[in-house]
Amino acid sequence: MGESRQEEKLINMNWEKTILITGGAGFIGSHVVRRFVTRYPSYLVINADKLTYAGNLENLADIDFKKNYSFEKIDIVNKEAVLGLFRKYNFDGVIHLAAESHVDRSITGPDEFVFTNIVGTVNLLNGALASWQKDFIGKLFYHISTDEVYGSLGSEGMFTEETAYDPKSPYSASKASSDHLVRAYNHTFGLPVVISNCSNNYGPNQFPEKLIPLAINNIKNNKAVPVYGKGENIRDWLYVEDHVSAIDLIFHNGKPCETYNIGGNNEWKNIDLIRMLCRIMDKKLNRTAGTSEKLITFVKDRPGHDLRYAIDSSKLQKEMNWSPIPKFEEGLEKTVDWYLSNQKWLDNVISGDYEKYYDSMYSGR
Ligand code: NAD
Ligand code: DAU
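Fair warning: this is a prediction, and the values are worked out from it, not measured in the lab.

## Concerning the overall build of the protein chain
Phase 1: Within the protein chain, the secondary structure is distributed over 13 helices and 12 strands.
Phase 2: In terms of overall dimensions, the protein chain is globule-like: its C-alpha atoms have a radius of gyration of 20 Å, near the 21 Å expected for 365 residues.
Phase 3: If one aligns the C-alpha atoms of the protein chain with their principal axes, the spans along those axes are about 60 × 45 × 40 Å.
Phase 4: Every one of the 365 residues in the protein chain was classed for burial, and the buried ones make up 56%.
Phase 5: Once local pairs closer than 6 in sequence are excluded, the contacts in the protein chain between residues at least 24 apart make up 82%.
Phase 6: Accessible surface, the protein chain as shown: approximately 15800 Å² in total, 49% of it carbon and sulfur.

## A look at the nonpolar core
Phase 1: Ile21, Phe36, Val45, Ile95, Tyr142 and Ile262 are the most contacted members of the largest nonpolar core, which has 33 residues in total.
Phase 2: Elements with a contribution of two residues or more to this core: β1 (17-22), α2 (27-39), β2 (43-49), β5 (140-146), β6 (193-198), α8 (240-253), β10 (259-262) and α10 (314-320).

## Looking at the site of ligand 1
Phase 1: Taken together, 30 residues surround ligand 1, and among them Ile28, Asp49, Ser101, Tyr171 and Lys175 come closest.
Phase 2: In the model, an oxygen atom of ligand 1 is placed 3.1 Å from a nitrogen or oxygen of the Phe27 main chain.
Phase 3: Within the contact set of ligand 1, an oxygen atom lies 2.9 Å away from a backbone nitrogen or oxygen of Leu97.
Phase 4: Starting from 840 Å² of accessible surface for ligand 1 in isolation, the protein chains cover 96%.
Phase 5: If you list the elements that add at least two residues to the shell around ligand 1, you get α2, β5, α6 (170-189) and β7 (200-202).
Phase 6: With three residues, the single largest contributor to the shell around ligand 1 is β5.
Phase 7: When its residues are assigned to classes, the shell around ligand 1 shows 14 nonpolar, 11 polar and five charged.

## So, the state of the cysteines
Phase 1: This structure, assessed with the given rule, holds zero disulfides.
Phase 2: Left without a disulfide partner, Cys198 is nearest to the cysteine sulfur of Cys257, which lies 20 Å away.
Phase 3: Judged by relative accessible area, Cys198 falls into the buried class, the value being 4%.

## Section: the site of ligand 2
Phase 1: Not every one of the 23 residues close to ligand 2 is listed here, only the nearest: Asp147, Tyr171, Arg302, His305 and Tyr362.
Phase 2: Tyr171 places a polar side-chain atom, nitrogen or oxygen, 2.6 Å from an oxygen atom of ligand 2.
Phase 3: Relative to its unbound accessible area of 680 Å², ligand 2 is 95% covered by the protein chains.
Phase 4: For the shell around ligand 2, the element with the highest residue contribution is strand β8 (residues 225-228), accounting for three residues.
Phase 5: Counted by class, the shell around ligand 2 contains nine nonpolar, eight polar and six charged residues.

## Re the sheet that holds strand β9 (residues 234-239)
Phase 1: Strand order in the open sheet made by the three strands is β7-β9-β11, with mixed pairing throughout. Edge positions in the open sheet fall to β7 and β11 (267-269), since each of these has one partner strand only. This sheet shows a mean twist of 50° between the axes of neighbouring strands, independent of strand direction.
Phase 2: In terms of strand pairing, β7 meets β9 through three bridges, oriented parallel. Residue pairing in the sheet places Tyr202 in a bridge with Tyr239 of β9.

## Let's talk about the layout of surface pockets
Phase 1: Considering only enclosed or pocket space, the largest pocket measures out at about 170 Å³ in volume.
Phase 2: If you trace the largest pocket, you find it lined by Ser4, Gln6, Glu7, Lys9, Leu10, Met13 and Lys67.

## Remarks on the sheet that holds β6
Adjacent strands of a sheet form backbone hydrogen bonds with each other and so pair up, either parallel or antiparallel.
Phase 1: One open sheet accounts for seven strands, arranged β3-β2-β1-β4-β5-β6-β10; its pairing is parallel. The outermost strands of the open sheet, each flanked by one partner alone, are β3 (69-73) and β10. Going across the sheet, the axis of each strand differs from the next one's by a mean of 20°, ignoring polarity.
Phase 2: Where β5 meets β6, six bridges bridge the pair, whose relative direction is parallel. Looking at β6, one finds that Phe141 is bridged to Val193.
Phase 3: Packed onto the sheet, helix α3 (residues 79-89) meets β1, β2, β3 and β4 (93-96) and runs at close to 155° relative to β3.

## Observations regarding the pattern of salt bridges
Pairing is possible between side chains of opposite charge, provided their charged atoms come close.
Phase 1: In total, this model carries 16 salt bridges according to the counting rule given.
Phase 2: The shortest N-O distance in the salt bridge between Asp166 and Lys168 comes to 3.1 Å.
Phase 3: On the basis of relative accessible area, Asp166 is assigned to the partly exposed category, the value being 37%.
Phase 4: When its relative accessible area of 46% is taken as the criterion, Lys168 is described as partly exposed.
Phase 5: One salt bridge connects Glu293 with Arg275, and the closest N-O pair in it is separated by 3.5 Å. In this pair, Glu293 sits in the loop between α9 (270-284) and β12 (296-299) while Arg275 sits in helix α9, placing the two residues 18 residues apart along the sequence.
Phase 6: A network of salt bridges, in which partner residues are shared, links Lys283, Lys284, Glu333 and Asp337.

Reading guide: rules and limits
- Residues numbered from 1 in each chain as written.
- Chains lettered and ligands numbered in written order.
- Predicted model: local features only at pLDDT ≥ 70, side-chain atom pairs only at ≥ 80, totals over all residues.
- Heavy atoms only, no water.
- Helix = DSSP H or I, 4+ residues; strand = E, 2+ residues; numbered from the N terminus.
- Rg over C-alpha atoms; globule rule 2.2 N^0.38 Å.
- Buried < 20%, exposed > 50% of the residue type's maximum accessible area, 1.4 Å probe, protein only.
- Contact = heavy atoms within 4.5 Å.
- Areas by Shrake-Rupley, 256 points an atom, 1.4 Å probe, with all protein chains shown as cover.
- Core = buried A, V, L, I, M, F, W, Y, C linked by side-chain atoms within 4.5 Å.
- Near = heavy atom within 4 Å.
- Polar contact = N/O pair within 3.5 Å; in protein donor to acceptor, adjacent residues only side chain to side chain.
- Nonpolar A, V, L, I, M, F, W, Y, C, P; charged D, E, K, R; others polar.
- Disulfide = S-S within 2.5 Å.
- Pairing = 2+ DSSP bridges.
- Axes fitted to C-alpha atoms, helices over the stretch in contact; angles between N-to-C directions.
- 1 Å grid on protein atoms, 1.4 Å probe; cavity = no way out; pocket = protein on both sides within 12 Å on 5 of 7 lines; lining within 4 Å.
- Points joined across faces, edges and corners; volume = space filled by probe spheres on them.
- Salt bridge = Lys/Arg side-chain N within 4 Å of Asp/Glu carboxyl O.

Shown next, in the form of structure tokens:
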């Protein structure tokens, strides 16, 4: 990886920290990049992303001119490219978000999840190990994971940091595997790591294959809103900025080799959530009350569909005084407003490829 003179100048400036954020062009990653670039002008933030269908540099158009930010187009499955990146920047910290993240895609095509989520994570761990060469002082590898590694709950109980892993989908199995590898690199090599497992995020910039943005887009366009099964599955929803504020706290204050659960304490049955969204959309689009609800269409269930997730985030709340901010309805309204005023963003991400995926997912359901 050759460095241009400009890059060399950037790298050699007197940064307090140089941090690598992987997957920074995606939904959550772009909010993490923005927070770190704007809140910590003394950090150099390198965003490394392959720009898959889910990665979009438009998400960062408002900050990409900042002098403490730079982008590297990299596939984390490419071992040499990852090692080269670590050699080039000599990172102090890594916040690893790059992943294949959509459960339905992991059912129709699991291989990519194994490559990116498992092999990609190992490549990054090896890059950190080689770069830090056992001098771990001031270094941190922070792995962003999901509550889905714990499996599925019945009607009672919550996932705590001690809940045994029991992943059920190829996506969650690949994330569980990456969590295990991160812990193994700590146990075996002493690599300083921290992991957080978060519940369902929602908010601006989420790719419209996930439930909330998909439903907003369909309601807006008077298209059927597909609800899997009877809509009785339960998710614990968290506004993306709340996840990002937790990531900031954990990156700076997390204890080495600890795990932190992050959740909204905000459980909703899918059907109730969609009904609330329909009411909000009727209001925003000046439609007669009840219009959008008519679009709700029950479709064939997701194979192996996890029934319920609920996160106990009391450890994070107690240790770092973190708590989620907006009430769900307020967060949803903010999200709807963002999608309604960013039609160009939606048009750009809904490419020909996504339309093909959408047709193959939902035709015949
Ligand atoms: P996303 O799909 O929106 O973004 C993923 C990003 O990773 C994209 O920018 C994509 O281009 C990049 N990427 C994918 N494969 C890559 C590769 N091989 N090399 C480099 N970059 C690659 O995902 P998201 O919803 O923002 O999730 C980010 C992380 O947070 C993931 O690790 C996910 O498991 C985790 N997470 C997500 C949620 C959620 O509700 N979305 C909840 C908990 C945890
Ligand atoms: O819990 C954290 C996880 O949340 C993250 O790790 C994943 O990356 C993220 O995609 C999300 O997984 P889910 O499968 O819960 O999210 P999704 O938005 O795909 O689905 C939410 C619920 O809505 C789930 O019960 C399936 C259902 N659903 C989804 C879609 C896309 C529908 O009923 N209809 C749909 O069209």
